[in-house]
2 protein chains.
Amino acid sequence: MRCDVVAVGTELLLGQVTDTNSQWIGEQLAAVGIDSLLQVKVGDNHARIVTLLGRVLADADAVILCGGLGPTHDDLTREAIAAVMGVELHHDEDVADVIRQMFSSRGRRMPDNNLRQAQVPVGATIIAQTRGTAPGLICPVRVGGVEKVIYAVPGVPHEMKEMVERAVLPDLLKRGGEASVILSRTLRTWGESESGLNERLDPVIDRLEVAGNPTLAFLASGWDGLKVRLTAKAATEGAARELLAPWESEVRALIVETVFGVDDDTMESVVLQILRERGLSLGLAESVTGGLASGRLTNVPGASEVFRGSIVSYASSVKFDLLGVPAGPVVNEKAAAAMARGVQRVLQCDVGLALTGVAGPEEQDGVPVGTLCVGIAIGSDVHARTWRLPGQREQMRQMSVISALDLLRRTLLAS
Amino acid sequence: MRCDVVAVGTELLLGQVTDTNSQWIGEQLAAVGIDSLLQVKVGDNHARIVTLLGRVLADADAVILCGGLGPTHDDLTREAIAAVMGVELHHDEDVADVIRQMFSSRGRRMPDNNLRQAQVPVGATIIAQTRGTAPGLICPVRVGGVEKVIYAVPGVPHEMKEMVERAVLPDLLKRGGEASVILSRTLRTWGESESGLNERLDPVIDRLEVAGNPTLAFLASGWDGLKVRLTAKAATEGAARELLAPWESEVRALIVETVFGVDDDTMESVVLQILRERGLSLGLAESVTGGLASGRLTNVPGASEVFRGSIVSYASSVKFDLLGVPAGPVVNEKAAAAMARGVQRVLQCDVGLALTGVAGPEEQDGVPVGTLCVGIAIGSDVHARTWRLPGQREQMRQMSVISALDLLRRTLLAS
């Protein structure tokens, strides 16, 4: 089974918008073992879309078309698909009704051009719209005597993703004579490199490659950590779960101390949740990260139940005067511990987390770029640890944030 | 002149890496008036790259190929181009020497497979490598009796960009019978929407479209603001500058109060620079943004000369106890002003900047989501302002950061 991807939109070719849709779709197709050998960006031009679809379908069994389903005159995907199918567009009153209801439920009048979105190629099946006004389309087409298929989905990423997961991938797998439910489990990890995880998981990876289902992939995601994703295909959701469970246990057992969460968990949400469960309040003292760690924590809705605030002590005198750090060098474990203790006192919180380090471009007081010292104060206990992190200024600061939060997580779980 | 783009790499199709190269190249081509009508991702497969190049060159005058120039067995771009040209690869001793020198200057031995990078299709011109080990290639090819061209550049973004700017764009323009220097000037703006800027610049845009050179583009860049970019083509750099200057003055005159910087300036760097010039120190009190504004400021190297630190007063009691905000509701101009005054005192700085607001998901004390109040204290002056910002939690917080910094910038410039 081969499914190529076409992203439609002149703004993509002009570089005004990054095409992340085809990347995401490529990732999903790979996870379920479908080849995707060409991914193309094309502009809002009827003739060029039609020509391109013809060429792509000469080689591929299927193509997913993203974008060009909007209500305006330069949304040409419906017309182009009808031309490739050799059919007319017809007005679908059910689709029109849904669009009208969407407008009226928001108390707005539907502009007439929205009815363009109710135009459907004869012979196509609708993928009902649940988020935006444009429905998706499943369009069978005969090419050289072979039955192939064109899927059309909106270009808005969250609408596109929902339709691909709900309708396109299951339909593709059914056409390939395969199971129709795909389920993924992502283990979120920190503390081990990609090659390190790979090495530790080697025995499982070998057997997974023989089994072929589920598949395993590593996804490095900066300060979101390193994801290990298992993806299973099965006839039912229950069967997919049963297929995943033993492999997940095996994988976990080999990298157990690196796993901080699953699926949509983040390091921030996990740390906040542990604190919430234990009824502990948190305060930060940030120097090298200058507020980034607090910024990440407060991006989690509900952070205010746990997080009291931070002292960003960028100038040394703020460390001395406000946090009570002893005069002297400020990038070492003693200073980090004093900062943690200081913020605990100043913000009256149960847990103090402190970060001090050197992000560069230059070393500081003889301490090399990349040095990070983290201090943690919980109740009357206080301890600190030092890392040497890679990367330029911005990357070093981001690595500092997740490293510090992970140390806090491990310390809380061990206490 | 039409130049399409092919990004080579199986990792792109699998979604492990986002193809930002073709986006960047598309932006550069558009800026100099060259059409780019197809941009394709293809895997590391000899036959497929050859077939694709043939198809693309049937329609386009030129194609830029990114990636696949590395030293390993799955780097196939050189071989594929030679096949399309119908020529052999030959070993280029000059290129090999440069690679050997790169290794020896780093005190490393060159692995033999790096000599693959000295293989050059007969008839191709070298684009000398200045950053990585792979040279770029300019490869003339006859298609249907017409002279066309294939450019090969590395997939590593900073290597690719340097070669495209230095060699590919000038060569393309020369082939199109056009001038060979391209120069851009970007005005960084904040405070007006894209359509608002568009409207104000309408008279200039009309005349620019008639003139055709320079071109003007709007680029919305989140909390980096909205960029207005003028791009000129000319025979020499001096001529390009002369061409740009009067248009830049005209554009500036129409949107003067929105322009906070040019080219690589950022709102953060501009604010820090104004403070540095005036010998003023800065402290922040952040609530709604939770440290994000401080995180942005401290990403600028040298921020420590000006920026003393922040109090992230997420819990209301921190606002009351540490910053001295009067008890009561905390999202209003009075509270913002008190926070600014408070941080000025606690961190002993000349300028206090405070942000309080509601990022959602729920309203707070009857204050709706999207509300931002900013307080500014300079010396003994203090004032505050309120906005109603759009977007979900993360977007609202990012807009808050740039809005607050811009208000500080305007206040400093007016004082």
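Residues numbered from 1 in each chain as written. Chains lettered and ligands numbered in written order. Predicted model: local features only at pLDDT ≥ 70, side-chain atom pairs only at ≥ 80, totals over all residues.

1. Section: the overall build of chain A
At step 1: For chain A, the helix and strand inventory stands at 13 helices and 17 strands.
At step 2: With the C-alpha coordinates of chain A rotated into their principal frame, the extents come out at 80 × 55 × 40 Å.
At step 3: Counting contacts in chain A only where the partners sit at least 6 residues apart, residues at least 24 apart contribute 65% of the total. (Helix = DSSP H or I, 4+ residues; strand = E, 2+ residues; numbered from the N terminus. Contact = placed C-beta atoms within 7 Å.)

2. Quick notes on the sheet that holds strand S11 (residues 226-234) of chain A
Residue and element names in this part refer to chain A.
At step 1: On the basis of which strands lie adjacent, the open sheet formed by four strands has the order S10-S11-S9-S12 and antiparallel pairing. Of all strands in the sheet, those bounded by a partner on one side alone are strand S10 (215-220) and strand S12 (259-262). Strand-to-strand, the axes of this sheet are offset by a mean angle of 25°, without reference to chain direction. (Pairing = 2+ DSSP bridges. Axes fitted to C-alpha atoms, helices over the stretch in contact; angles between N-to-C directions.)

3. As for the domain arrangement of chain A
At step 1: What the domain assignment reports for chain A is domain 1 (3-175), domain 2 (181-262) and domain 3 (267-414).
At step 2: Between the C-alpha centres of domain 1 of chain A and domain 3 of chain A the distance comes to 47 Å. (Domains from an automatic or database assignment.)

4. What about the relation of the copies chain B and chain A?
At step 1: Overlaying chain B on chain A yields an RMSD of 0.5 Å, the required transformation being a rotation through 180° with an accompanying axial translation of 0.4 Å. Look at the turn and shift together and you get a two-fold axis relating the two.
At step 2: Looking at the interface residues of chain B, 98% of them are also at the interface in chain A, so both copies use one shared face. (Least-squares fit on C-alpha atoms with pLDDT ≥ 70 in both.)

5. Some words on the environment of glycine 391 of chain B
Residues and elements named next belong to chain B.
At step 1: In this fold, glycine 391 is placed in the loop between strand S17 (381-388) and helix H13 (393-414).
At step 2: Note on glycine 391: 15 C-beta atoms within 10 Å, which makes it partly exposed.
At step 3: Once the C-alpha coordinates of glycine 391 and arginine 207 are considered, the two residues, 184 residues apart in sequence, prove to be 35 Å apart.
At step 4: Each residue touching glycine 391, except ones within four places of it in the same chain, is listed here: Met396 and Met399. (Buried ≥ 20, exposed ≤ 12 C-beta atoms within 10 Å, placed from the backbone.)

6. Some points on the interface of chain B and chain A
At step 1: Facing the 47 residues of chain B at the interface are 48 residues of chain A.
At step 2: Among the elements of the structure, helix H2 (21-31), strand S2 (38-42), helix H3 (46-59), helix H10 (292-297), strand S14 (307-313) and H13 of chain B are those that each provide at least two residues to the side of chain B that touches chain A.
At step 3: For the side of chain B that touches chain A, the leading source of residues is S14 of chain B, giving seven residues.
At step 4: Looking at the side of chain B that touches chain A residue by residue, the class counts come to 22 nonpolar, 18 polar and seven charged.
At step 5: With five bridges joining them, strand S14 (residues 307-313) of chain A and S14 of chain B adopt antiparallel strand pairing. From the neighbouring strand, isoleucine 311 of chain A faces S14 of chain B, where its bridge partner is isoleucine 311 of chain B. (Nonpolar A, V, L, I, M, F, W, Y, C, P; charged D, E, K, R; others polar.)

7. Details of the environment of cysteine 3 of chain A
Residues and elements named next belong to chain A.
At step 1: Inspection of the secondary structure assignment puts cysteine 3 in strand S1 (residues 3-8).
At step 2: When the 25 C-beta atoms within 10 Å are taken as the criterion, cysteine 3 is described as buried.
At step 3: Residues cysteine 3 and leucine 37 lie 34 residues apart in sequence; the distance between their C-alpha atoms is 7.5 Å.
At step 4: Not counting residues up to four positions away in its chain, the partners in contact with cysteine 3 are Leu29, Ile34, Ser36, Ala60, Asp61, Ala62, Val63, Ile64 and Leu172.

8. Regarding the pairing of S2 of chain B
At step 1: Most of S2 of chain B sits inside the fold, with five of its five residues counted as buried.
At step 2: Residues Leu38, Val40 and Val42 of chain B line one face of S2 of chain B and the alternating positions Gln39 and Lys41 of chain B line the opposite face, and both faces are buried.
At step 3: Sheet analysis places strand S2 (residues 38-42) of chain A next to S2 of chain B, joined by five bridges and oriented antiparallel. Counted as the bridge partner of leucine 38 of chain A is valine 42 of chain B from S2 of chain B.

9. Here's the deal with the pairing of S10 of chain A
Within a regular beta strand, the side chains point alternately toward one face of the sheet and then the other, so they alternate between its two faces.
Residues and elements named next belong to chain A.
At step 1: Across six bridges, S10 lies against S11 in antiparallel orientation. Bridge pairing links phenylalanine 218 to valine 228 in S11.
At step 2: Between S10 and S11, which follow one another and run antiparallel, lie five residues, and glycine 222 among them has a positive phi close to 50°.

10. Quick look at the packing of helix H9 (residues 267-278) of chain B against H13 of chain B
Residue and element names in this part refer to chain B.
At step 1: Across the interface, H9 lies against H13 with an axial gap of 10 Å and an inter-helix angle of 30°. Regarding the angle of H9 to H13, the classification is roughly parallel. Classified by chirality, the crossing of H13 by H9 is left-handed. Touching Met267, Glu268, Val270, Val271 and Ile274 of H9 are Ile402, Leu405, Asp406, Leu408, Arg409, Leu412 and Leu413, all from H13.
At step 2: Along the lines of polarity and charge, the residues of the contact of H9 with H13 split into nine nonpolar, no polar and three charged. (Parallel < 35°, antiparallel > 145°, perpendicular 65-115°, else oblique. Left-handed = near helix turned anticlockwise from the far one by under 90°.)

11. Re helix H6 (residues 157-175) of chain B
At step 1: At valine 164 of chain B, H6 of chain B shows its maximal kink, close to 50°.
At step 2: Positive backbone phi, approximately 75°, marks glycine 177 of chain B, located one or two places after H6 of chain B. (Bend = angle between axes of the 7 residues up to and from the residue.)

12. Some details on the sheet that holds S2 of chain A
At step 1: Within the open sheet, the 12 strands sit side by side as S6(A)-S7(A)-S8(A)-S3(A)-S1(A)-S2(A)-S2(B)-S1(B)-S3(B)-S8(B)-S7(B)-S6(B). Their pairing is mixed. If you trace the sheet from one side to the other, it starts and ends with strand S6 (125-127) of chain A together with strand S6 (125-127) of chain B, each paired once. Adjacent strand axes in the sheet meet at a mean angle of 20° when their direction is disregarded.
At step 2: Where S1 of chain A and strand S3 (residues 62-66) of chain A come together, five bridges link them in parallel fashion. Paired with valine 5 of chain A across the strands is isoleucine 64 of chain A, a residue of S3 of chain A.
At step 3: Helix H4 (residues 77-85) of chain B rests against strand S1 (3-8), strand S3 (62-66), strand S7 (136-143) and strand S8 (146-153) of chain B of the sheet, and its axis sits at about 25° to S7 of chain B.

13. As for the environment of tryptophan 247 of chain B
Residues and elements named next belong to chain B.
At step 1: Relative to the helices and strands, tryptophan 247 is located in helix H8 (residues 237-254).
At step 2: For tryptophan 247, a count of 19 C-beta atoms within 10 Å puts it in the partly exposed group.
At step 3: A sequence separation of 149 residues divides tryptophan 247 from methionine 396, and the C-alpha atoms of the two residues are 34 Å apart.
At step 4: The residues touching tryptophan 247, leaving out its near neighbours within four places in the chain, are Leu208, Pro214 and Leu230.

14. Regarding unusual backbone geometry
All names here are of chain A.
At step 1: At the junction of asparagine 213 and proline 214, the peptide bond is cis and its omega measures out at 5° in the coordinates.
At step 2: Its location among the elements puts proline 214 in the loop between helix H7 (194-211) and S10.
At step 3: The residue after glycine 360, namely proline 361, is reached through a cis peptide bond having omega 10°.
At step 4: Secondary-structure assignment places proline 361 in the loop between strand S15 (351-357) and strand S16 (371-378).
At step 5: Residues other than glycine seldom take positive phi values, yet glutamine 348 does so here, at roughly 50°.
At step 6: As for its position among the elements, glutamine 348 is in the loop between helix H12 (333-346) and S15.

15. Observations concerning H13 of chain B
All names here are of chain B.
At step 1: The terminal C-alpha atoms of H13, which comprises 22 residues, lie 31 Å apart, in line with the 32 Å expected from a rise of 1.5 Å per residue.
At step 2: Those residues of H13 lying buried are Met396, Arg397, Met399, Ser400, Val401, Ile402, Ser403, Ala404, Leu405, Asp406, Leu407 and Leu408.
At step 3: Buried residues along H13 sit against strand S12 (259-262), H9, H10, strand S15 (351-357), strand S16 (371-378) and S17. (Expected span 1.5 Å × (residues − 1).)

16. Here we look at the packing of H7 of chain A against helix H8 (residues 237-254) of chain A
Residues and elements named next belong to chain A.
At step 1: At their nearest, the axes of H7 and H8 sit 8 Å apart, and the two run at 160° to each other. When the axis of H7 is compared with that of H8, the two are roughly antiparallel. H8 is crossed by H7, and the crossing has right-handed handedness. When H7 is examined against H8, the residues Arg200, Leu201, Val204 and Leu208 are found in contact with a partner set consisting of Trp247, Glu250, Val251 and Leu254.
At step 2: A per-class count over the contact of H7 with H8 returns six nonpolar, no polar and two charged.

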